[in-house]
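A structural walkthrough
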Amino acid sequence: MEKTEFYSLLNYDEYPLREMEKRSEEFYLEMKKRRTVRQFSDRPVPRMIIENCIRAAGTAPSGANMQPWSFVVVSDPEVKRQVRKEAEKTEREFYNQRTNLKWVEDLKPLRTDENKPFLEIAPYLIVIFAQRYGLLPDGSKRSHYYVNESVGISTGILLSALHYAGLTCLTYTPSKMGFLNHILSRPSNERPFLIMVVGYPDKDAVIPAIGKKSPEEIIKFV
Ligand code: IYR
């Protein structure tokens, strides 16, 4: 297509088919090694690694390119302590609520409970916020589109980048998340989406004996 003020030329690297096969398989084998970890080491991680991974997340496609996300990186021990305190409060309610019996039963294989020590032990909590709408400098609102899809894709890229960099993470969603706006002073157009707990695994970390569905179960070629 003709180059105009709206367009610039695409920078695209085409690989030979054999190379594409190899790259796709290698990527699969790398991602297959990722496991959600709930026991972290307090070993520090250089901030630049986190920043690079968030830069990768920021390349995600989004509805009308509105990029409706914010990433708040928490490493301050006092802020982590507050997050843990509030998270454990809402989890205690969740695990003891009679109406959640079936849900709690479904979680048994994951061995989760209301204790969330990793929120203080892991060096970083990346708190991802979804912007329901944008706010312009004059205070007026700007529509955002497909917010969940956009922030979900960005979060997936963040997870992949962290794993590829050699870190472990936990995608953690406290049962209620409103407290994150207060603790982190986020505006009312933002709602907490997920906490990405990031660091090295504890040297004795264990993982649940669960697996993934087979390709036959998840793929249909039509
Ligand atoms: N937020 C609780 C419960 C929980 C819910 C789901 I869905 C999970 O996949 C895992 C846990 C907790 O994190 O303990």
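Residues numbered from 1 in each chain as written. Predicted model: local features only at pLDDT ≥ 70, side-chain atom pairs only at ≥ 80, totals over all residues. Heavy atoms only, no water.

The name recorded for the chain in an unreviewed UniProt entry is Nitroreductase, from Candidatus Sediminicultor quintus.

With respect to the packing of helix 2 (residues 47-57) against helix 6 (residues 147-165)
The relative placement of two packed helices comes down to the angle between their axes together with the axis-to-axis distance. What counts here: Between the N-to-C directions of two axes lies an angle of 0 to 180 degrees, each axis being a line fitted to C-alpha atoms and, for a helix, fitted only over the stretch in contact. Secondary structure elements are defined from DSSP: runs of H or I of at least 4 residues count as helices, runs of E of at least 2 residues count as strands, and each element is numbered from the N terminus. For a crossing to be left-handed, the near helix must be turned anticlockwise from the far one by less than a right angle; the clockwise case is right-handed. The contact definition used throughout considers only heavy atoms, calling two residues in contact when any of these lie within 4.5 Å. For this scheme, ten residues count as nonpolar: Ala, Val, Leu, Ile, Met, Phe, Trp, Tyr, Cys and Pro. Four count as charged, namely Asp, Glu, Lys and Arg, and the remainder, Gly too, count as polar.
One can describe the packing of helix 2 onto helix 6 by two numbers: an axis separation of 8 Å at closest approach and a directional angle of 145°. Helix 6 is crossed by helix 2, and the crossing has right-handed handedness. Touching Ile49, Ile50, Cys53, Ile54, Ala56 and Ala57 of helix 2 are Ser154, Ile157, Leu158, Ala161, Leu162 and Ala165, all from helix 6. Its residues assigned to classes, the contact of helix 2 with helix 6 comprises 11 nonpolar, one polar and no charged.

Concerning the pattern of salt bridges
The test is simple: Salt bridge criterion: a side-chain nitrogen from Lys or Arg within 4 Å of a carboxyl oxygen from Asp or Glu. Buried means the residue's accessible area, taken with a 1.4 Å probe over protein chains only, is under 20% of the maximum for its type, while exposed means over 50%, and partly exposed covers the values in between.
Within the structure shown, the criterion is met by 12 salt bridges. The partner of Glu88 in a salt bridge is Arg84, and the shortest N-O contact between them spans 3.0 Å. Placement of both Glu88 and Arg84 in helix 3 (residues 77-96) is noted, with a separation of four residues, approximately one turn of the helix. When its relative accessible area of 12% is taken as the criterion, Glu88 is described as buried. We classify Arg84 as partly exposed; its relative accessible area is 22%. One salt-bridge network, in which partners are shared between bridges, spans Arg84, Glu88 and Glu120.

What to know about helix 6
Here is the rule: For a helix, the expected span equals 1.5 Å multiplied by the residue count minus one.
A rise of 1.5 Å per residue sets the reference length of helix 6, with its 19 residues, at 27 Å; its end C-alpha atoms lie 27 Å apart and thus fit the reference within 8%. Turning to helix 6, the residues buried within the fold contact helix 1 (17-32), helix 2, strand 1 (69-74), strand 2 (124-131), strand 5 (168-172) and strand 6 (190-199).

Details of the site of the ligand
Operational definition: Only a single heavy atom is needed: when it lies within 4 Å of a molecule or strand, its residue is near that molecule or strand. Any pair of N or O atoms that falls within 3.5 Å is considered a polar contact. Within protein, one atom must be able to donate a hydrogen and the other to accept it, and sequence-neighbouring residues count only if both atoms are side-chain atoms. Here, Shrake-Rupley sampling with a 1.4 Å probe gives the accessible areas, and only protein chains in the shown set may cover a residue.
Surveying the vicinity of the ligand reveals the residues Glu91, Phe94, Tyr95, Trp103, Leu107, Leu110, Thr112, Asp113, Lys116, Tyr172, Thr173 and Ser175. In this structure, a nitrogen atom belonging to the ligand sits 2.9 Å away from a side-chain N or O atom of Glu91. Between the ligand and Tyr95, the relevant distance is 2.5 Å, taken from an oxygen atom to a side-chain nitrogen or oxygen of the residue. Within the complex, the protein chains bury 73% of what would otherwise be the 370 Å² of accessible surface of the ligand. The dominant element in the shell around the ligand, judged by the number of residues it contributes, is helix 3, at three residues. In terms of residue class, the shell around the ligand is built from six nonpolar, three polar and three charged.

Brief notes about the pairing of strand 6
Quick reminder of the rule: Strands pair, by our definition, only if DSSP identifies at least two bridges between them.
Of all 10 residues making up strand 6, nine are buried, and the element is well covered by its neighbours. Relative to strand 6, strand 2 runs antiparallel, the two sharing eight bridges. Along strand 6, the bridge assignment pairs Leu125 with Val197.

A look at the packing of aromatic side chains
The cut-off we apply is this: For Phe, Tyr and Trp, rings pair up if their centres lie within 6.5 Å, where Trp contributes its six-membered ring, and each pair is then called stacked (planes under 30 degrees apart), edge-to-face (over 60) or tilted (otherwise). Whether a charge lies above a ring is judged from NZ of Lys or CZ of Arg, which has to be within 6 Å of the ring centre and within 35 degrees of the ring normal.
If you walk through the whole model with that rule in mind, you get three aromatic pairs. Seen from their ring centres, Phe94 and Tyr95 are 5.0 Å apart, and the 85° between their planes marks the pair as edge-to-face. Like Tyr95, Phe94 is buried. With a centroid separation of 4.8 Å and an interplanar angle of 85°, the aromatic rings of Phe94 and Trp103 are classed as edge-to-face. An aromatic cluster of at least three residues, connected via ring pairs, comprises Phe94, Tyr95 and Trp103. Positioned above the aromatic ring of Tyr200 is the side chain of Arg43, whose terminal nitrogen or guanidinium carbon lies 3.7 Å from the ring centre. Lying across the ring of Tyr133, Lys141 places its NZ or CZ 4.6 Å from the centre.

With respect to the sheet that holds strand 2
Within the open sheet, the four strands sit side by side as 1-2-6-5. Their pairing is antiparallel. Of all the strands in the sheet, the pair left with one neighbour each is strand 1 and strand 5. Averaged over all pairs of adjacent strands, the angle between their axes in this sheet comes to 25°, without regard to strand direction. Across five bridges, strand 5 lies against strand 6 in antiparallel orientation. By the bridge assignment, Leu170 is partnered in strand 6 with Val197. Contacting strand 1, strand 2 and strand 6, helix 2 crosses the sheet at an angle of about 170° to strand 1.

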